[in-house]
Amino acid sequence: MKFTLRLILSLGLIVGAVALVFAYHQARQEEDRLNAELKVRVNVIAESLRMLIEPPLTAGNTDFLKHVVDKFSGRGKLEWLDIRDLNDHPVIASPRLPQGLTIAPDLLSKNIQEVRDTSAGYGRFVHRGRRLLYVYSLPLKANSKISDIMSFFYDADFIQVRVHKLWMESFLRSLVQVFLITIVTFFIILLNVMIPLRKITEWIREIRKGEPATKLDAANEPLFKPLTTEISRMARNLEMARFAAAEEARLRYSSEARWTPERLKEVVRRKLEGSPLFVVSNREPYMHIRTAKDKIECIIPASGLVTALEPVLNACGGTWIAQGSGDADRETVDKNDRIRMPPEEPKYTLRRVWITKELNDGFYSGLSNEGLWPLCHIAHTRPQFRPKDWEDYKAVNEAFAQTVLQETEGIPNPYILIQDYHFALLPRMVKAKKPHAKVAIFWHIPWPNPESFGICPWYKDILKGMLASDLVGFHTQFHCNNFIESVDRFLESRIDYEHFTVNREGHTTWVKPFPISIGSNPAGPPSSLGHSPEGNRNKDALLKPYNIQARWMGVGVDRLDYTKGILERFRAIENLMESEEELRGKFTFVELGAPSRTMIPQYKDFVDELVREAARINDRFKVKGWQPILLLMKHHSHREIEPFYKAADVCLVTSLHDGMNLVAKEFVWARDDEQGVLILSQFTGAARELKDALIVNPYDIAQTSKAVKEAVFMSQDEQAERMSRMRRTIRDNNIYRWAGELVSQMTQVRPGEGQKV
Ligand code: F6P
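For clarity, every value in this text was computed on a predicted model and none was experimentally measured.

Engineer: For the overall build of the chain, give the residues involved together with the corresponding values.
Structural biologist: A count of helices and strands for the chain gives 22 helices and 23 strands. Over its C-alpha trace the chain gives a radius of gyration of 47 Å, far above what one expects of a compact globule, namely 27 Å for 757 residues. Viewed in the frame of its principal axes, the chain has a C-alpha envelope of about 150 × 65 × 55 Å. Considering the chain as a whole, with its 757 residues, one finds that 51% of them fall into the buried category. Sequence separation of 24 or more characterises 72% of the internal contacts of the chain that already satisfy a separation of 6 or more. Side chains of the chain give 103 positive and 96 negative charges; the mean places of these two sets differ by 4 Å.

Here's what the structure looks like:
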């Protein structure tokens, strides 16, 4: 309150002072104007009188003179007239002096002196008592020579009155202004500062005490939005830290060894002995996109790799090296092409690598996605192997190797975690220059059998490149087996089947499965600050914008990729509508599809076919207010996807082949109500862990259709049993475990093992 009072008082004083200065200025201007006006008026009268008086004065006609002086004296504001000769002897004067006025000798002497000296008229303002007079004197001539001096006493009181009135008015106006401004300021401060501050203080107090905090809607406090956002984050961290500490204590007490971000951080710190962690991937975790001339947005790309690795970097810090692919990426990095991430709470460094469009065409679209992607997925799309693409692939791997060497300069044995099929050659390039670096490559997609792999013209280079790592990781043991068999078939090496290692030219590489997962952070307290999980389960609200009403809702979340079995999924829905009349008009399947790799013809054709199929099936069955398939093609953020996960009765993951598939895990983890059913392709890595899903062969349309029906009519008890078992699996095998085990395995590489590549 003291502050408000001080603020209002100072404001009042300043506004008052400024208003008074203005009023003073205005009064002065008015006074000058009136003075000037009066002088002109007196001048005109004096001239007229001079012309009337000079002839009788010259002629010595005293009667006439007296008559004139009498007539004019006391008329209007002309108070007194005086004529005297050059020796200061009175010639004639007004009969009566103005009231309260005495003509002291000094009153006229200055005027007379001036007129004598200049032979011209002279006037000045004179205060007599409380009165103001304008005294004007001018020479009178006889026979062209100055003979006498005529003086006027003009009443100028009215100027004082006018100026005084103006002052009073201005003063009152300033008073009213100050009052109004003070009142308005007080209310503005009260409503926009004092009340919100009181609310924020109360809110912080609740958080500090660990009480369930009342939700503070920062959007309602625009002035404090940056502050409340920051405090929200701090509070969330505090809440997480408290929960994590409680969880750790609980786990210690119950001797459970669950992986948490804190545990991973600790493991990485101990095992790496302070050496920083470097992650390399083609896809970056955050892209900056220009959405308007002066607006840049930061988005998270649709990528399982990103979903999995972000929490790891958030927990351990380090550097993530990735290709800058957003059209505003260059504008957002520093001079070393680095930027701290995540934007709202930086924890690690993202180092962007720039690859030209021409190279990227061959590296990314060409060899990676038209060659290796179909080669490894065996999804009946013929791989393309163009020598130019291979050259580009090598060049981009080389460019990344340079960046890795630059970033790890001065670190004797850095830990480098390379991601995916884009970088099969990178381990060898890095090891050649930095033999003591600990390098692992994790292959996020399946590894095919040797017969399939052998059709790639550069199979040997790929295997040699990968075997330069100390560790090669896949999602499943099955993919490890395929890899070892490929090495056995095509390269000269010693394979230890007991430990699953390959020894080639003196270098040992471990080949191990590490089933990747999601954050599933057990340190997530029941959110008192974030969104409410309950608020999101409303499928009517989700479908209403599309004019659809449905009793049951299915959901699919994918990059629009031909390996994801989305067409097969649509056909299973068609089959369901054909066979189950009772589901017509009641079941809608929503596909949230993120356009992906759109520059590749197969992907474009695939999207066209998807759109056609969805339209064809909808045309067959749709009725007013309902349709069986809703295809929403755009990049959906996690925030947009989550309500669909939470509201769906069934989630369909029907990949024709998939390394792991994290959508399946995300769906299960979103279902803290332990309801909803997962239908999962037997050809995903996830199917080996989530055995309580309804496992299907996506090529078998009738089987998938039957599974959807089973899911829709599954009892709530059975849903809960299955869901809780799957949730336990994800909770125990989360991304922190994945990273922890991968890093632990890397640290077991003995010094010297990485020398020869
Ligand atoms: O599945 C392989 C993979 O690289 C994932 O790790 C990732 O989620 C996905 O492909 C994304 O592909 P892209 O980076 O080409 O969009």
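The rest of the description comes next.
Engineer: Give me the lowdown on the nonpolar core, citing residues and values where you can.
Structural biologist: By size, the foremost hydrophobic cluster in this structure holds 159 residues, and its most contacted members are Trp 443, Met 466, Phe 483, Phe 587 and Leu 678. The two domains that each donate at least three residues to this core are domain 2 (275-355 + 396-513) and domain 3 (533-733). Excluding anything up to four places from it in sequence, Phe 483 contacts Trp 447, Leu 463, Met 466, Leu 467, Val 472, Phe 474 and Val 511.

Engineer: Lay out the site of the ligand with the relevant residues and their values.
Structural biologist: Around the ligand, a shell composed of 13 residues is seen, among which Arg 283, Gly 304, Tyr 364, Asp 420 and Arg 597 lie nearest. The contact in question runs from an oxygen atom of the ligand to an N or O atom on the backbone of Gly 304, over 2.5 Å. Asp 420 places a polar side-chain atom, nitrogen or oxygen, 2.5 Å from an oxygen atom of the ligand. About the coverage of the ligand: the protein hides 92% of its 390 Å² of free accessible area.

Engineer: Go over the sheet that holds strand β14 (residues 471-474) with me, naming the residues and quoting the values.
Structural biologist: As summarised here, the arrangement of the 10 strands in space is β10-β11-β9-β6-β12-β13-β14-β17-β16-β15, forming an open sheet in which the pairing is mixed. Single-partner strands in this sheet number two, and they are β10 (338-341) and β15 (494-496). Taken over all neighbouring pairs, the strand axes of this sheet differ in orientation by 20 degrees on average, direction set aside. Pairing of strand β12 (residues 415-419) with strand β13 (residues 438-442) involves five bridges; the strand directions are parallel. Within β13, the position partnered with Leu 417 by the bridge is Ala 440. Its contacts with the sheet place helix α7 (residues 304-316) against β6 (277-281), β9 (319-323), β11 (348-353) and β12, and it is angled at close to 155 degrees to β9. Along the sheet face, helix α22 (residues 735-747) touches β12, β13, β14 and β17 (507-513) and points at about 125 degrees away from the line of β12.

Engineer: An account of the packing of helix α13 (residues 459-467) against helix α14 (residues 477-490) is needed here, citing residue identities and associated values.
Structural biologist: At a minimum axis separation of 11 Å, α13 and α14 run at an interaxial angle of 120 degrees. Considered as vectors, α13 and α14 are oriented oblique to each other. By crossing handedness, the relation of α13 to α14 is classed as left-handed. Here Tyr 459, Lys 460, Leu 463, Met 466 and Leu 467 of α13 come into contact with α14, specifically with Phe 483, Ser 486, Val 487 and Phe 490. For the contact of α13 with α14, the residue count by class is seven nonpolar, one polar and one charged.

Engineer: Break down the domain arrangement of the chain for me, with residues and values.
Structural biologist: For the chain, the assigned domains are domain 1 (2-161), domain 2 (275-355 + 396-513) and domain 3 (533-733). The C-alpha-based centres of domain 2 and domain 3 are spaced at 31 Å. If you look at the interface, domain 2 gives 15 residues, while domain 3 gives 13 residues. Counting each side, the surface lost to burial between domain 2 and domain 3 is near 980 Å², with a carbon and sulfur contribution of 68%. The interface formed by domain 2 and domain 3 holds zero salt bridges in total. At the junction of domain 2 and domain 3, the tally comes to two residue pairs in polar contact (both at pLDDT 80 or more). Top element by residues in the side of domain 2 that touches domain 3 is α7. It accounts for three residues. Here the residues of the side of domain 2 that touches domain 3 sort into nine nonpolar, six polar and no charged.

Basis of the calculations
Residues numbered from 1 in each chain as written. Predicted model: local features only at pLDDT ≥ 70, side-chain atom pairs only at ≥ 80, totals over all residues. Heavy atoms only, no water. Helix = DSSP H or I, 4+ residues; strand = E, 2+ residues; numbered from the N terminus. Rg over C-alpha atoms; globule rule 2.2 N^0.38 Å. Buried < 20%, exposed > 50% of the residue type's maximum accessible area, 1.4 Å probe, protein only. Contact = heavy atoms within 4.5 Å. Lys, Arg positive; Asp, Glu negative; His and termini not counted. Charge placed at Lys NZ, Arg CZ, Asp CG, Glu CD. Core = buried A, V, L, I, M, F, W, Y, C linked by side-chain atoms within 4.5 Å. Domains from an automatic or database assignment. Near = heavy atom within 4 Å. Polar contact = N/O pair within 3.5 Å; in protein donor to acceptor, adjacent residues only side chain to side chain. Areas by Shrake-Rupley, 256 points an atom, 1.4 Å probe, with all protein chains shown as cover. Pairing = 2+ DSSP bridges. Axes fitted to C-alpha atoms, helices over the stretch in contact; angles between N-to-C directions. Parallel < 35°, antiparallel > 145°, perpendicular 65-115°, else oblique. Left-handed = near helix turned anticlockwise from the far one by under 90°. Nonpolar A, V, L, I, M, F, W, Y, C, P; charged D, E, K, R; others polar. Buried area = accessible area lost by both parts, 1.4 Å probe. Salt bridge = Lys/Arg side-chain N within 4 Å of Asp/Glu carboxyl O.

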